[in-house]
Amino acid sequence: MRLFALSIFSALVAAGSANLILNGDFETNSAAGATFYNRSNADWTALMSNATGYGSGAELDLMTFGAFGSAPQSGSYKAGMATGRGTDAFTFTLNGGVVAGQAYSFSFWAYRDQTFVSGNGSLNLGISSVNNAAGTTVFSTGGGVPSNTWTQFTGLFIAPASGGFLSVEAVPGSSTVWYHVDNFSLEVVPEPATLAVLGLGAAALVRRRKA
Ligand SMILES: [Ca+2]
Ligand SMILES: [Ca+2]
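Structural notes, computed from the coordinates. (Residues numbered from 1 in each chain as written. Chains lettered and ligands numbered in written order. Predicted model: local features only at pLDDT ≥ 70, side-chain atom pairs only at ≥ 80, totals over all residues. Heavy atoms only, no water.)

## Description of the overall build of the protein chain
- Looking only at helices and strands, the protein chain has three helices and 11 strands in total.
- Counting from the amino terminus, the protein chain carries its helices and strands in the arrangement α-β-α-β-β-β-β-β-β-β-β-β-β-α.
- Relative to its 211 residues, the protein chain shows a buried fraction of 44%.
- Contacts in the protein chain between residues far apart in sequence, at least 24 positions, make up 77% of those at least 6 positions apart.
- Counting every atom, the protein chain has about 9,400 Å² of accessible surface; 56% of that belongs to carbon and sulfur. (Helix = DSSP H or I, 4+ residues; strand = E, 2+ residues; numbered from the N terminus. Buried < 20%, exposed > 50% of the residue type's maximum accessible area, 1.4 Å probe, protein only. Contact = heavy atoms within 4.5 Å. Areas by Shrake-Rupley, 256 points an atom, 1.4 Å probe, with all protein chains shown as cover.)

## Let's talk about the coordination of the calcium ion (ligand 2)
- At the metal site, the calcium ion (ligand 2) is ligated by Asn38 (OD1), Glu59 (O), Asp61 (OD) and Asp61 (OD), and these contacts range over 2.3 to 2.8 Å.
- Counting residues between consecutive donors of the calcium ion (ligand 2) along the chain gives the motif N-x20-E-x1-D. Residue Asn38 is found in strand E1 (residues 36-39), and its partner Asp61 is found in strand E3 (residues 60-63); the two are separated by 23 residues along the sequence.
- Residue classification places Asn38 among the partly exposed residues on the basis of a relative accessible area of 41%. (Donors = N, O, S within 2.8 Å, 3.2 Å for Na, K, Ca; no water.)

## Re the pairing of strand E4 (residues 78-82)
- Counting buried residues along E4, five of its five residues qualify, which places the element largely inside the surrounding structure.
- Where burial is concerned, the two faces of E4 agree: the one with Lys78, Gly80 and Ala82 and the one with Ala79 and Met81 are both buried.
- Judged from the four bridges that link them, E4 and strand E11 (residues 178-188) form a sheet pairing that is antiparallel. Opposite Ala82, over in E11, you have Trp178 as the bridge partner. (Pairing = 2+ DSSP bridges.)

## What to know about the sheet that holds strand E9 (residues 151-158)
- Ordered in space as E1-E3-E4-E11-E6-E9, the six strands form an open sheet in which the pairing is antiparallel. Of all strands in the sheet, those bounded by a partner on one side alone are E1 and E9. Averaged over all pairs of adjacent strands, the angle between strand axes in this sheet comes to 25°, irrespective of strand direction. (Axes fitted to C-alpha atoms, helices over the stretch in contact; angles between N-to-C directions.)

## Comments concerning the coordination of the calcium ion (ligand 1)
- Listed as protein donors to the calcium ion (ligand 1) are Asp25 (O), Asp25 (OD), Glu27 (OE), Ser74 (O), Tyr77 (O), Asp182 (OD) and Asp182 (OD); their distances from the metal cover 2.3 to 3.0 Å.
- Along the chain, the residues donating to the calcium ion (ligand 1) are arranged with the sequence spacing D-x1-E-x46-S-x2-Y-x104-D. Residue Tyr77 is found in the loop between E3 and E4, and its partner Asp182 is found in strand E11; the two are separated by 105 residues along the sequence.
- Of the residues examined, Tyr77 reaches a relative accessible area of 8% and is grouped as buried.

## Focus: the sheet that holds strand E5 (residues 89-98)
- Strands sit in the order E2-E5-E10-E7-E8 across an open sheet of five strands; the sheet is antiparallel. Of all strands in the sheet, those bounded by a partner on one side alone are strand E2 (51-53) and strand E8 (136-140). Recorded for the sheet is a direction-independent mean angle of 30° between the axes of neighbouring strands.
- Here strand E7 (residues 121-128) pairs with E8 via four bridges, running antiparallel. When the bridges of E8 are listed, Gly126 appears paired with Thr137.

## Some thoughts on unusual backbone geometry
- A positive phi angle, close to 60°, is found at Asn50, a residue other than glycine.
- On the secondary structure map, Asn50 appears in the loop between helix H2 (41-47) and E2.
- One non-glycine residue, Asn183, lies in the positive phi region at around 60°.
- In this structure, Asn183 sits in strand E11.

## Notes on the environment of Asp182
- Look at Asp182 and you get buried, because its relative accessible area is 0%.
- As a C-alpha pair, Asp182 and Ala79 span 103 residues in sequence and 6.4 Å in three-dimensional space.
- Here Asp182 is in contact with Gly24, Asp25, Phe26, Pro72, Gln73, Ser74, Tyr77, Lys78, Phe108, Trp109 and Trp150, once residues within four sequence places are set aside.
- Looking at Asp182, its side chain comes within polar contact range of the main-chain nitrogen of Gln73, at 3.0 Å.
- In this structure the side chain of Asp182 is engaged in a polar contact, spanning 2.9 Å, whose partner is the backbone nitrogen of Ser74. (Polar contact = N/O pair within 3.5 Å; in protein donor to acceptor, adjacent residues only side chain to side chain.)

As structure tokens, then:
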């Protein structure tokens, strides 16, 4: 019964909503097939559509095939964030924003590139009302980002505040780390109340079938 309800839940999450992140794959840009390393926040922001660099590190990268590390996880571009000079960070502009109290699911891909540094740190996601600040943190990888292998991170959260932006921050650990990131998505999860009703309906359906 629980598995049956879970499968309905999964189907709703999968089919129910579109990606709220307008350029979560980094594909909409003016790079014209080139790779750009160590951009200032202003220059990286100018390259990107619907994303804004704001961190103190200000050495963001936009990379395509042939750049250091693995090929982009999705499409032709990935982004790079380091902690050598501070905290590299950016926000994605959201389609319509998120609403406080609503449930959301997220997914993104990341790894620690070891070409130049082998450090640690974390990647944090936040909901922000402005495009140049982290806002309220909703997820942290902690130190558990694998090196050199694209790894998917997924989860659910209840939005702690309303906001039009999803922030991504490379938080320094004990030594410099270079994260490569790609393919971010954020989707609305059906209301918990709706899920509860559907779960009861599924349970009732199972009971009827067994009777
Ligand atoms: Ca991409
Ligand atoms: Ca860089």
